[in-house]
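What follows is each chain in one-letter form.
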Amino acid sequence: MTAASSVANVVKTSLGPIGLDKMLVDDLGEVTITNDGATILDQLEVEHPAARVLVQLSEMQDKEVGDGTTSVVIVAAELLKRANELVKNSIHPTTIMSGYRLAMKESIKFIKDQLAVKTATLGREIGFNVARTTLSSKIFGRESEFFANLAVDAINMVKQVNPESGKTVYPVKSVGIMKQHGRSFKDSALYHGYVLYGGRAGQGMPRVVKNAKIACLDIDLRKSKMAMGVQVVVTDPAQLEAIRQRESDITKERIMLLINAGANVVLTTKGIDDMAIKYFVDNGALAVRRVKKEDLRRVAKLTGGTMMITFADMEGNESFDASMLGTAEEVSEERIADDDHIVVKGGKTQSACSVLLRGANMHMLDEVERSLHDALCAVKRALESASVVPGGGCVESALSIYLENFATSLGSREQLAIAEFAQAMLVIPKQLSVNAAHDATDMVARLRASHNASQTDPSKAELRYTGMDCITGKVQNNLAAGIVEPALSKVKMIQFATEACITVLRIDDMIKLNPPEEEQGR
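Please read these numbers as outputs of a predicted model, since none were measured by experiment.

Q: Go over the overall build of the protein chain with me, naming the residues and quoting the values.
A: Helix and strand content of the protein chain: 17 helices and 19 strands. Here the analysis covers contacts within the protein chain between residues at least 6 apart in sequence; of these, 73% occur between residues at least 24 apart. As displayed, the protein chain has an accessible area near 25300 Å², and 50% of this comes from carbon and sulfur atoms. For the protein chain, the distance from the average position of its 61 positive side-chain charges to the average position of its 66 negative side-chain charges is 3 Å.

And the structure:
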């Protein structure tokens, strides 16, 4: 329990729009400045197994939802703390677990029935508000509107409709993020098309290729050399020249295979020789060397091409089929922020876009990238699950009132566990107001009063969207104020926190095996 609460205490202060950042220094002296819960916990070297459960928990939340990584750890630790109190009061852990499970089911049902608002009718505005809420707690809280617009535009550019199920999906991976230091945050820009770092291999190549046929290779296009350890004994000097000629011809044949198949853009992860560049220039093709493998995979997916590892076919000869080529409307070399970049526009299978981030130094840029990724994930979840809930401690306060009333209606032992679950939910609004330098007790009391009124008096049902505004310290309708989060984020947070808490609760003993000691004198 102590281990779990100490992990939560690390991230507690970084919750919310006025949360503070942490500076993490690793053993090599590398500095990371962040307030993203998952990143902080990922960098910590946690020895204790129970605390490690919480670290994995925040990783799961990061993978599933992308946002809410700090709150999930805080809630889980609070649930554990309260469960521990119950155990001390001689209530069996099994009773607590079944109470927590019941509370979790009821909470999720309540969120879906009472608090979630369908987004289909709300349009672009909702994505913008979700992104703004997520970004308000990050490094550029004040500039969150600019980046929220950027995130929503980027996600809308990569929108896809699955032809079989008719569902709309937003693949976050299709949004490339590049970082260049210099200028200010406000100079970050969104490019239509996928942007690769690096320029053309040779100056004579065209800068722009329309109707590009793209070959994605993981093959070396340098002069082929003999394999290591192979020795050739030559008696005639003329044969030596012939061997050299053949070495360069092998590469030429490979390039001609590509050109003859119709390729006019060639991207490879390995090198291209100066001699080989000549053939590309002669045929008016654009070639790029040393492309990152992940970029190449992304381009292959985007253009409908196939990444080739070898030219060898079943017969043992070398061949290249035109069906392996990807197609795009245009591939061009552009100079972006002092460096050459290759931009692939209008892919065949899906669209892509790239965000170029600018900032003062790399620490800030890394943090902006993490924040933007969280925002993209949050917008994606909100649009795909098509429902949002008000933020600012609204959901947690409503649940605490609802579960308290629900607990009193039960005649079984689980009543105590559910009442504690209800109390534990309040840790989020409390922590939000503490971080924002407001009086937590007063704030939570006002929130609870509003939610109690909304759940008992039908004429005041509108109050169920009441949350707090951390900046002014007022209680307001957060749905109207545009402070919203994806409903999925809250549902998963409660599920994951409860599951993690139950995992630790089930453990009653820890047995540690020490490595056998070597006998002396061997």
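Next comes the rest of the description.
Q: Summarise the layout of surface pockets; cite the residues concerned and give the values.
A: Taken as a whole, the largest pocket spans an internal volume of roughly 850 Å³. Lining the largest pocket we find 29 residues, and of these Gly176, Ile177, Met178, Glu294 and Glu369 sit closest to its centre. Put simply, the parts of the chain that give the lining of the largest pocket at least two residues each are α2 (37-43), α3 (49-64), β6 (175-181), β8 (194-197), α10 (293-303), β14 (339-347) and α11 (362-385). Residue contributions to the lining of the largest pocket peak at 6 residues, all from β6. In this structure, the second largest pocket encloses a volume near 730 Å³. Lining the second largest pocket we find 40 residues, and of these Gly16, Pro17, Thr133, Ser136 and Ser137 sit closest to its centre. Listing elements by their share of the lining of the second largest pocket, those giving two or more residues are α4 (69-88), α6 (124-136), α7 (144-157), α14 (427-435), β17 (466-469) and α17 (487-505). When the residues that make up the lining of the second largest pocket are grouped by side-chain class, the tally is 10 nonpolar, 19 polar and 11 charged.

Q: I'd like to hear about the pattern of salt bridges, residue by residue, with values.
A: For the coordinates displayed, the defined rule picks out 11 salt bridges. A salt bridge links glutamate 330 to lysine 210, with the shortest nitrogen-to-oxygen separation between them at 2.7 Å. In this pair, glutamate 330 is assigned in strand β13 (residues 326-336) and lysine 210 in strand β9 (residues 208-217), connecting sequence segments 120 residues apart. When its relative accessible area of 17% is taken as the criterion, glutamate 330 is described as buried. When its relative accessible area of 54% is taken as the criterion, lysine 210 is described as exposed. Two residues, arginine 446 and aspartate 442, come together in a salt bridge whose shortest N-O distance is 4.0 Å. Placement of the pair is arginine 446 and aspartate 442 together in helix α15 (residues 440-456), with a separation of 4 residues, close to one helical turn.

Q: Lay out the packing of helix α12 (residues 394-408) against α15 with the relevant residues and their values.
A: It is the contact of α12 with α15, at a shortest axis distance of 9 Å, that shows an interaxial angle of 60°. It follows that α12 is oblique to α15 by the angle criterion. The handedness of the crossing between α12 and α15 comes out as right-handed. Seen from α12, the contacting residues are Cys394, Ser397, Ala398, Ser400, Ile401, Tyr402, Glu404 and Asn405; seen from α15, they are Leu447, Arg448, His451, Asn452 and Gln455. Class assignment of the residues belonging to the contact of α12 with α15 gives a composition of 5 nonpolar, 6 polar and 2 charged.

Q: Could you give an account of the packing of aromatic side chains, naming the residues involved and the relevant values?
A: This structure, assessed with the given rule, holds 3 aromatic pairs. For the pair tyrosine 100 and phenylalanine 421, a centre-to-centre distance of 5.5 Å together with 70° between the ring planes defines the contact as edge-to-face. Placement of the pair is tyrosine 100 in helix α5 (residues 93-115) and phenylalanine 421 in helix α13 (residues 414-425), with a sequence separation of 321 residues. For the pair tyrosine 100 and phenylalanine 421, one class covers both residues: buried. In textbook terms, an aromatic cluster arises when at least three aromatic residues are bridged by ring pairs, as seen for Phe110, Tyr402 and Phe406.

Q: Please set out a negative patch on the surface residue by residue, giving values where relevant.
A: On the surface, Asp26, Asp27, Glu30, Glu45 and Glu47 cluster together into a negatively charged patch. As for its placement among the helices and strands, glutamate 47 is situated in the loop between α2 and α3.

Q: Describe the sheet that holds strand β15 (residues 353-359), and please don't skip the residues or the numbers.
A: Taking strand neighbours across the sheet as the criterion, the 3 strands line up as β6-β15-β7 in an open arrangement whose pairing is mixed. Taken across any chain shown, the strands that pair with only one partner, and hence form the sheet edges, are β6 and β7 (189-192). Across the sheet, the mean angle separating the axes of adjacent strands is 25° when strand polarity is ignored. Here β7 pairs with β15 via 4 bridges, running antiparallel. Bridge pairing links leucine 190 to valine 355 in β15. Most of the contacts of α11 go to β6, to which it runs at about 160°, and overall it touches β6 and β15.

Q: Go over the sheet that holds strand β16 (residues 387-390) with me, naming the residues and quoting the values.
A: Taken in spatial order, the 3 strands line up as β3-β16-β19 in an open sheet, and their pairing is antiparallel. Among the strands making up the open sheet, the edge pair consists of β3 (117-118) and β19 (484-486). Across 2 bridges, the pairing between β3 and β16 is antiparallel. Pairing of lysine 118 across the sheet is with serine 387, part of β16. Here α6 sits on the sheet in contact with β16 and β19, set at roughly 95° to β19.

Q: Now, about unusual backbone geometry: what can you tell me, with residues and values included?
A: Of note, serine 90 is a non-glycine position whose phi angle comes to about 55°, a positive value. Mapped onto the elements, serine 90 comes out in the loop between α4 and α5. According to the relative accessible area criterion, serine 90 is exposed, its value standing at 65%. With a phi angle near 55°, arginine 290 is a residue other than glycine that sits in the positive phi range.

Q: I'd like a description of the packing of α6 against α7, backed by residues and values.
A: How two helices pack is summed up by the angle between their axes together with the distance between the axes. Following both chains from N to C, one finds α6 and α7 inclined at 130°, their axes separated by 8 Å at the closest point. Our classification of the angle between α6 and α7 gives oblique. Handedness of the α6/α7 crossing: right-handed. Between α6, through Arg124, Gly127, Phe128, Ala131, Arg132, Leu135 and Ser136, and α7, the contact on the second element is made entirely by Ser144, Glu145, Phe147, Ala148, Asn149, Ala151, Val152, Asp153 and Asn156. A breakdown of the residues in the contact of α6 with α7 according to their chemical character gives 7 nonpolar, 5 polar and 4 charged.

The rules behind these values
Residues numbered from 1 in each chain as written. Predicted model: local features only at pLDDT ≥ 70, side-chain atom pairs only at ≥ 80, totals over all residues. Heavy atoms only, no water. Helix = DSSP H or I, 4+ residues; strand = E, 2+ residues; numbered from the N terminus. Contact = heavy atoms within 4.5 Å. Areas by Shrake-Rupley, 256 points an atom, 1.4 Å probe, with all protein chains shown as cover. Lys, Arg positive; Asp, Glu negative; His and termini not counted. Charge placed at Lys NZ, Arg CZ, Asp CG, Glu CD. 1 Å grid on protein atoms, 1.4 Å probe; cavity = no way out; pocket = protein on both sides within 12 Å on 5 of 7 lines; lining within 4 Å. Points joined across faces, edges and corners; volume = space filled by probe spheres on them. Nonpolar A, V, L, I, M, F, W, Y, C, P; charged D, E, K, R; others polar. Salt bridge = Lys/Arg side-chain N within 4 Å of Asp/Glu carboxyl O. Buried < 20%, exposed > 50% of the residue type's maximum accessible area, 1.4 Å probe, protein only. Axes fitted to C-alpha atoms, helices over the stretch in contact; angles between N-to-C directions. Parallel < 35°, antiparallel > 145°, perpendicular 65-115°, else oblique. Left-handed = near helix turned anticlockwise from the far one by under 90°. Phe/Tyr/Trp six-rings, centres within 6.5 Å; stacked < 30°, edge-to-face > 60°. Patch = residues over 30% accessible without salt bridge, like charges linked within 9 Å, V, L, I, M, F, W, Y side chains within 5 Å. Pairing = 2+ DSSP bridges.

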